[in-house]
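Residue strings, one per chain:
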Amino acid sequence: MESIYGLTKNDLSLFLASHGRSKNLAVIIYETLYKKKSKQILSTETWNLLRNNYSFDLPVISVSSKANDGTYKFLIEFVDGKKVETVLIPFHKRYTICLSSQVGCAMKCSFCYTGTMGLTRHLKTSEIIGQYMVVKKFLETEIATAALIPNIVFMGQGEPLHNFDEVQKALEILLDSEGAALGPRQITLSTAGYLPGLKKFNLMPNINLALSLHSPFNQTRKDLIPITGQYPIEEIFSALDKVKLMKRQFITYEYLLIAEVNDGLKDADELQNLLGKRKSIINIIPFNPFPGSTYKRPTEESVENFKAMLVERKLRTMVRLTKGTEILAACGQLIS
Ligand code: SAH
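In this report, the structure presented in the accompanying data block is examined. Fair warning: this is a prediction, and the values are worked out from it, not measured in the lab.

With that settled, the discussion passes to the overall build of the chain. Across its full length, the chain carries 10 helices and 12 strands. A globule of 336 residues ought to have a C-alpha radius of gyration of about 20 Å, and the chain, at 21 Å, matches this closely. Dimensions along the principal axes, computed over C-alpha positions, put the chain at roughly 70 × 40 × 35 Å. When the 336 residues of the chain are sorted by exposure, 54% land in the buried category. Long-range contacts, defined as pairs at least 24 residues apart, comprise 67% of the intrachain contacts of the chain with a sequence gap of at least 6. Taken as a whole, the chain presents about 15600 Å² of accessible surface, with 52% of it coming from carbon and sulfur. Each charge class in the chain can be summarised by its mean position, and for the 41 positive and 33 negative side chains these summaries are 5 Å apart.

This is the structure in structure tokens:
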């Protein structure tokens, strides 16, 4: 049976209308599912209609682990037994949920643990929403913090733009003010530069976009992110330049820093050429090693040096603190 969590409010209205019910019930159903309360109560008849047509099951947390810094990593299992990892990251008084969009990933980036497993399958909208629902429930019941709605990043397993339609629908549900009611600025989608999806990015609801850049040079970037061979940097940027940005909205450029690979003066100069004239924020992520990886993590000093070079070149730059490393919950360490 199809999951109720895969339906947008509009899908639900159409379903209700096709069964001779008022479309307005969709709002009440949405509030009941996502806000857990509604001014109106649904009749048993309506519940039965829904239950006879849709599954209300959520995926289950099969394993959870906690790092010293408060990061939780969950192994979440779907009905077919396939599992993905979802991470809950504390940040000041807020929480960020890092969602997966695929089981495995087809991008095969050379620095990424998830990439070593290949793509098993895309996730359905309901499975993306399911991760959010179970982790949010965990947050409310196990951590019970004052934190209201968590932020969302699509930075778990998978390339979200390679699973465009299901991700797009999940975003619509997350942003629905009568549903999960997240704000557009609370959601960030990160892409390896999958051009067919990037070209359609304006069809997504308005959210933040991050590009995993990692090198301003095609040759080096291709060694790191093989799809650069098909989708070179120039083409990625011509698509990025067409992305509609709101006032004070920037595109984030993730820059995985690897010792002796992309941490030199020429890299800083070329980043300035590429990003100096664009609305950008650079997010340096020091490489997180994993079993079998050959790249070297840069020293803290060289991370600071590289940051200083970028700042000197008038580029807005931050260093992303690595969270959850001892439980392999950090970027690119997710594997089932
Ligand atoms: N496919 C998407 C989202 C998943 S990866 C993308 O490529 O953006 C989320 C971020 O973690 C990306 O910036 C990715 O490059 C980074 N990452 C992957 N492996 C890593 C590793 N071993 N150390 C640090 N960051 C890594």
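Right, picking up where we left off after that structure.
Contact geometry of helix H9 (residues 265-275) with helix H10 (residues 300-312) gives a least axis separation of 9 Å together with a crossing angle of 35°. Considering only the axes of H9 and H10, their crossing is right-handed. Between H9 and H10, the residues in contact are Leu265, Asp267, Ala268 and Leu271 and Phe306, Met309 and Leu310, respectively. Looking at the contact of H9 with H10 residue by residue, the classes come out as 6 nonpolar, no polar and 1 charged.

This brings us to the sheet that holds strand E2 (residues 72-77). A sheet is described by the order of its strands in space; here 10 strands give the open sequence E1-E2-E3-E4-E7-E8-E9-E10-E11-E12, paired in mixed fashion. One side of each edge strand has no neighbouring strand; the edge strands of this open sheet are strand E1 (60-66) and strand E12 (317-319). Here the average twist between neighbouring strands, direction ignored, is 25°. Sitting on the sheet, helix H5 (residues 164-175) is in contact with strand E7 (151-154) and strand E8 (187-191), with an inclination near 165° to E8.

With that settled, consider the pattern of salt bridges. Applying the stated criterion to the full structure yields 12 salt bridges. For Lys296, the salt bridge is made with Glu260, and the minimal N-O distance between the two is 3.2 Å. With a gap of 36 residues between them, Lys296 in the loop between strand E11 (280-286) and H10 and Glu260 in the loop between strand E10 (251-257) and H9 connect regions that are remote in the sequence. A salt bridge links Arg313 to Asp269; its shortest N-O distance comes to 2.8 Å.

When you line up the elements, Ser100 lands in the loop between strand E4 (94-98) and strand E5 (102-104). Assessed through its relative accessible area of 0%, Ser100 is described here as buried. Sequence-wise, Ser100 and Val134 are 34 residues apart; in three dimensions their C-alpha atoms are separated by 13 Å. If sequence neighbours within four positions are ignored, Ser100 has contacts with Val84, Glu85, Leu123, Ile128, Gln131, Gly156 and Gln157.

The phi angle at Ala181 is positive, at roughly 60°, despite the residue not being glycine. Considering the arrangement of structural elements, one finds Ala181 in the loop between H5 and E8. In this structure Ala181 comes out as partly exposed when scored by relative accessible area, which is 24%. For Lys314, which is not glycine, the phi dihedral falls at a positive 65°. Take Lys314: it is sitting in the loop between H10 and E12.

Parameters and conventions
Residues numbered from 1 in each chain as written. Predicted model: local features only at pLDDT ≥ 70, side-chain atom pairs only at ≥ 80, totals over all residues. Heavy atoms only, no water. Helix = DSSP H or I, 4+ residues; strand = E, 2+ residues; numbered from the N terminus. Rg over C-alpha atoms; globule rule 2.2 N^0.38 Å. Buried < 20%, exposed > 50% of the residue type's maximum accessible area, 1.4 Å probe, protein only. Contact = heavy atoms within 4.5 Å. Areas by Shrake-Rupley, 256 points an atom, 1.4 Å probe, with all protein chains shown as cover. Lys, Arg positive; Asp, Glu negative; His and termini not counted. Charge placed at Lys NZ, Arg CZ, Asp CG, Glu CD. Axes fitted to C-alpha atoms, helices over the stretch in contact; angles between N-to-C directions. Left-handed = near helix turned anticlockwise from the far one by under 90°. Nonpolar A, V, L, I, M, F, W, Y, C, P; charged D, E, K, R; others polar. Pairing = 2+ DSSP bridges. Salt bridge = Lys/Arg side-chain N within 4 Å of Asp/Glu carboxyl O.

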